[in-house]
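Letter by letter, the chains look like this.
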Amino acid sequence: EKVGVDAISMDGFECAGHPGEDDVPNLVLLPAAANVIKIPMIASGGFADARGLVAALALGCEGVNMGTRFMATKEAPIHQNVKEKIVSSDERNTALILRTMRNTSRVYGNSVALKAIEMEGEGKTIKEIGPFVAKGKVVYETGDLEHGIWSAGTCMGLINDIPTCKELVERIVGEAEAMIRGKLAQAVAA
C-alpha cells in the first residue's frame, strides 16, 4: 500500500489486519521487494523494538511501521483493557480469520475470532460472518475484549510495557544506534 508519493509500506505475514494471502514473512518479503522496488520502503508487520528496526534496515528498508506496538502506548486512543491485554499476550495469541474467503485478517484470538473460524469451517458466507465480526470498534471504546474482533499482530510477544510515544521512539532509536555501533560493528571488525 502507498504511504506517500515517494515511499511504499510492505506488510509481512506477521502483521495485524490484512497479511495477504501468500503467508510470506518479512525476512523473505523485504529483501525480495528491495531487489525490485526503487523507492524507499517502510517495513510493517512484527516490528516492536530496536532489534526489528535494525533488521528492517538490514533487509533494505528505511524504517518501520508499528501498529500494534503503538496501540500499547499512553497516547493511543483505545481502552486501557486493550493495551493491557496486548502487554499480557504473546506471539501465539492471534487468529487468522476469513482465510477461506481469501480476505485473511490477523486479529486477537478471542472467542469471537474462534467462532468466526468455526463458522468458516461450517461453510458460512461472508454475509453471515461479516455482521458477527464487525463489532470491533466497541472493543476499543469500552474495553470489552470479547465484544468483537480487534486487530493485533504477532509482535505482542515483544511488548512488555505501555510507555509514552516519545519514550518508545527514543528507546527504540537509542537501542538501535547502540546495537549498530556495538554488537554489529564488533561483528564486522572481527
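See the structure above.
These remarks concern the structure in this document. (Residues numbered from 1 in each chain as written. Predicted model: local features only at pLDDT ≥ 70, side-chain atom pairs only at ≥ 80, totals over all residues. Heavy atoms only, no water.)

**Observations concerning the environment of threonine 94**
Consideration 1: Turning to its location among the elements, threonine 94 is positioned in strand β5 (residues 94-97).
Consideration 2: Taking the relative accessible area as the measure of exposure, threonine 94 reaches 16% and is therefore buried.
Consideration 3: Along the chain, threonine 94 and glycine 67 lie 27 residues apart, while their C-alpha atoms are 14 Å from each other.
Consideration 4: Every residue in contact with threonine 94, bar those within four places of it in the chain, is listed here: Arg106, Val107, Tyr108, Gly109, Ala152, Gly153, Thr154 and Met156. (Helix = DSSP H or I, 4+ residues; strand = E, 2+ residues; numbered from the N terminus. Buried < 20%, exposed > 50% of the residue type's maximum accessible area, 1.4 Å probe, protein only. Contact = heavy atoms within 4.5 Å.)

**So, unusual backbone geometry**
Most peptide bonds adopt trans geometry, and most residues besides glycine take a negative phi value.
Consideration 1: Here the phi dihedral of leucine 98 falls at roughly 65°; this positive angle occurs in a residue that is not glycine.
Consideration 2: In this fold, leucine 98 is placed in the loop between β5 and β6 (105-108).
Consideration 3: Classification of leucine 98 as buried rests on a relative accessible area of 7%.
Consideration 4: The phi torsion at arginine 102 lies on the positive side, around 55°, for a residue other than glycine.
Consideration 5: Take arginine 102: it is sitting in the loop between β5 and β6.
Consideration 6: Residue class for arginine 102 comes out exposed when judged on its relative accessible area of 58%.

**Remarks on the side chain of asparagine 110**
Consideration 1: You can see asparagine 110 is positioned in the loop between β6 and α5 (111-121).
Consideration 2: The exposure class of asparagine 110 is buried, given its relative accessible area of 2%.
Consideration 3: At 2.7 Å, the side chain of asparagine 110 and the backbone oxygen of leucine 145 are in polar contact.
Consideration 4: Not counting residues up to four positions away in its chain, the partners in contact with asparagine 110 are Leu145, Glu146, Gly148, Ile149 and Trp150. (Polar contact = N/O pair within 3.5 Å; in protein donor to acceptor, adjacent residues only side chain to side chain.)

**Concerning the nonpolar core**
Consideration 1: Among the nonpolar cores identified, the biggest contains 18 residues, and Met10, Leu30, Met41, Ala43, Phe47, Cys61 and Ile172 are the most heavily contacted of them.
Consideration 2: Considering every element that reaches this core, the biggest residue donor is helix α2 (residues 50-58), with 4 residues.
Consideration 3: The residues contacting leucine 30, other than those within four sequence positions of it, are Met10, Met41, Ala43, Phe47, Leu59 and Cys61.
Consideration 4: Residues Ala76, Ile78, Ile86 and Ile159 belong to the second largest nonpolar core, which totals 15 residues. (Core = buried A, V, L, I, M, F, W, Y, C linked by side-chain atoms within 4.5 Å.)

**Structural notes on helix α4 (residues 80-88)**
Consideration 1: By the burial criterion, the buried members of α4 are Val82, Lys83 and Ile86. On an axial view of α4, the arc spanned by its buried residues comes to 100°, and they lie on one face.
Consideration 2: Buried residues belonging to α4 abut α3 (67-71) and α7 (136-142). (Arc of directions from axis to C-beta.)

**Regarding the layout of surface pockets**
Consideration 1: In this structure, the largest pocket encloses a volume near 240 Å³.
Consideration 2: At the level of secondary structure, the elements contributing two or more residues to the lining of the largest pocket comprise β2 (7-11) and α3.
Consideration 3: In terms of residue class, the lining of the largest pocket is built from 6 nonpolar, 10 polar and 3 charged. (1 Å grid on protein atoms, 1.4 Å probe; cavity = no way out; pocket = protein on both sides within 12 Å on 5 of 7 lines; lining within 4 Å. Points joined across faces, edges and corners; volume = space filled by probe spheres on them. Nonpolar A, V, L, I, M, F, W, Y, C, P; charged D, E, K, R; others polar.)

**A word on the pattern of salt bridges**
Consideration 1: Within the structure shown, the criterion is met by 9 salt bridges.
Consideration 2: Where arginine 51 meets aspartate 49, a salt bridge forms, and the shortest distance between an N and an O atom there is 2.5 Å.
Consideration 3: With a relative accessible area of 52%, arginine 51 lands in the exposed category.
Consideration 4: On the basis of relative accessible area, aspartate 49 is assigned to the buried category, the value being 13%.
Consideration 5: Where aspartate 90 meets arginine 92, a salt bridge forms, and the shortest distance between an N and an O atom there is 2.5 Å.
Consideration 6: Sharing partners across several salt bridges, the network here consists of Arg69, Asp161 and Arg171. (Salt bridge = Lys/Arg side-chain N within 4 Å of Asp/Glu carboxyl O.)

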